[in-house]
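Each chain is listed here by its residues.
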Amino acid sequence: MLKSICYPYALMFCLAGVCLDSVIAEERQQESAASVSANLRTQTQKYEALLYELGAFPVLKLTRAYDDQGRPGEVYASKWTRVDVHGWLPPEIVRTKSYLTESEKERYGIPKTPLPYQRYLSMIDIGTYQKTKDPLLHSIIQFAFEELRERKVKSPTPGAILSVYQPSPEWDHYFLWQLKTEQLSGPVAASLYQRYRVPLLLRCLPPPEKGQDEYTLFLEQISSDKTLHAGYRFEAYKLLYEWDQEKYLTGYKEFLIKHTEQTPDVLDRCFLNEALLKLGGEDCFAVVRRGLINDPIYDVRTSILSDLKELELTHRFLDPIQVLAEERAKECRRYWFFGNGPGMDVGETEMYHILKELLQATRQQQNLSGDSLRQIQHALATLEAKKLERVERKFRPVLK
């Protein structure tokens, strides 16, 4: 009897406790959301203050008319060239006469005085950006790098930029440009590498000079360091070979033959193929011939063709060029996209134009053998036949 009387009261208190816990949890959730929102507002205000300090300007505050290509908040110099970065005009653009009136510049203190080098470094927070991908922080980092360049702000100590370095495909080229402007000496570059262990620094190595035995030894160590990918080792090996061709020829050639086709970086493969062509010899040429028809990147193949023209070696590569003309090479893809290519008629391709121009130029060379001239003529005829095939395929449905 007592149990039956007490049970409803117990249930009521239990439900009341559950409701209270639910209310408390909801309040805490709202407090947390409010705290996050407040932190975001604070972070945004902080980043906007840094952008103003750099001399950038928000597009939404512009009073002059500008071309937005139908996208409010964006600024375009032409149909394909966007000027702003995430809604902020770069400081260099703000300093021009194009977007702000003179009274606005005076009001906002533009142009800003260049900041100290260390102040720019403090804004290059790659680690936080990689975690948050905050667009405002992206603009800050980009503008800080660009202002270092445009204002020619000198580094207080060699390689100081490395103190804020973190590997990132998005930002590496900015660090590289900054390092190259410093024109580091060999011993200093070696010392910086030993301190920071940043492989990117190896792209900035100067050639050795007389009496720099320790630096030459450093280059030898880098060239043989199998923990580094071939592109970095090539930077050191190339300098050693140029320094003493007789001493380093054999090792340099073996390195190029072994690593050119396997090197992952596209630009590195372009340079390694060029180095093989300059060394010469059938063993080197064999690697480049394979690259012409097997490399998975179109731009590497066209780079080789450009080198052949410049070095007047096309006549040594007419067999793989014939394969390209017949369109029997392995499939490849583009890596870079520059411009719209040459004006093309129906049935023509960019490779058609490149090969035709190359073969016609080669045909004008002196002392070509009869076989070479016949091969050139055959390749040119093949190009025209393939062009005609494409034209017929295009218009065949119309003709039917």
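Here is a short report on the structure shown in this document. (Residues numbered from 1 in each chain as written. Predicted model: local features only at pLDDT ≥ 70, side-chain atom pairs only at ≥ 80, totals over all residues. Heavy atoms only, no water.)

## Notes on the packing of helix α9 (residues 213–223) against helix α10 (residues 230–243)
And then number 1: Contact geometry for α9 and α10: axes closest at 8 Å, N-to-C directions at 135°. Between α9 and α10, the angle falls in the class oblique. Taken as a pair, α9 and α10 cross one another with a handedness that is left-handed. The residues of α10 that touch α9, namely those facing Y215, T216, L219, E220, I222 and S223, are Y232, R233, A236, Y237, L239 and L240.
And then number 2: When grouped by side-chain class, the residues that make up the contact of α9 with α10 number eight nonpolar, two polar and two charged. (Axes fitted to C-alpha atoms, helices over the stretch in contact; angles between N-to-C directions. Helix = DSSP H or I, 4+ residues; strand = E, 2+ residues; numbered from the N terminus. Parallel < 35°, antiparallel > 145°, perpendicular 65-115°, else oblique. Left-handed = near helix turned anticlockwise from the far one by under 90°. Contact = heavy atoms within 4.5 Å. Nonpolar A, V, L, I, M, F, W, Y, C, P; charged D, E, K, R; others polar.)

## Quick notes on the environment of Y66
And then number 1: Assignment of secondary structure puts Y66 in the loop between β1 (57–58) and β2 (88–89).
And then number 2: Classification of Y66 by relative accessible area gives partly exposed; the value is 25%.
And then number 3: Along the sequence, Y66 and Y99 sit 33 residues apart, while their C-alpha atoms lie 7.6 Å from each other.
And then number 4: In this view, Y66 contacts V59, G73, E74, V75 and Y99; residues no more than four positions away in its chain are not counted. (Buried < 20%, exposed > 50% of the residue type's maximum accessible area, 1.4 Å probe, protein only.)

## Remarks on the layout of surface pockets
And then number 1: Of the volumes computed, that of the largest pocket is approximately 550 Å³.
And then number 2: Lining the largest pocket are 21 residues, and of these R203, E235, L267, D268 and F271 lie nearest its centre.
And then number 3: Taken together, the elements giving at least two residues each to the lining of the largest pocket come down to α7 (172–182), α10 and α12 (266–279).
And then number 4: Take the lining of the largest pocket: its biggest share by element is eight residues, from α12.
And then number 5: Looking at the lining of the largest pocket residue by residue, the classes come out as twelve nonpolar, no polar and nine charged.
And then number 6: As for the second largest pocket, its lining consists of 19 residues, of which Y298, L324, E327, T349 and M351 are closest to the centre.
And then number 7: Mapped onto the lining of the second largest pocket, the elements with two or more residues apiece are α14 (298–311), α15 (318–325), α16 (350–363) and α17 (370–399).
And then number 8: Broken down by element, the residue count for the lining of the second largest pocket peaks at four residues, all from α16.
And then number 9: Taken together, the residues of the lining of the second largest pocket sort by class into nine nonpolar, one polar and nine charged. (1 Å grid on protein atoms, 1.4 Å probe; cavity = no way out; pocket = protein on both sides within 12 Å on 5 of 7 lines; lining within 4 Å. Points joined across faces, edges and corners; volume = space filled by probe spheres on them.)

## A word on the nonpolar core
It is characteristic of soluble globular proteins that their nonpolar side chains tend to be buried jointly.
And then number 1: The biggest cluster of nonpolar side chains holds 55 residues, and the ones touching the most others in it are I124, I161, F175 and F218.
And then number 2: Broken down by element, the residue count for this core peaks at eight residues, all from helix α6 (residues 135–150).
And then number 3: Listed in part, the 42 residues of the second largest apolar core include Y241, I297, I321 and L358. (Core = buried A, V, L, I, M, F, W, Y, C linked by side-chain atoms within 4.5 Å.)

## A few points about α7
And then number 1: Those residues of α7 that sit buried are D172, Y174, F175, L176, Q178 and L179.
And then number 2: Taken together, the buried residues of α7 touch α4 (117–123), α5 (126–132) and α6.
And then number 3: Q183 sits one or two residues past α7 and shows a positive phi near 50°.

## Structural notes on the packing of helix α13 (residues 282–294) against α15
And then number 1: In the contact formed by α13 and α15, the axes pass within 9 Å of each other and the chain directions differ by 5°. When the axis of α13 is compared with that of α15, the two are roughly parallel. Contact residues: α13 offers R289, L292 and I293, while α15 offers P320, V323 and L324.

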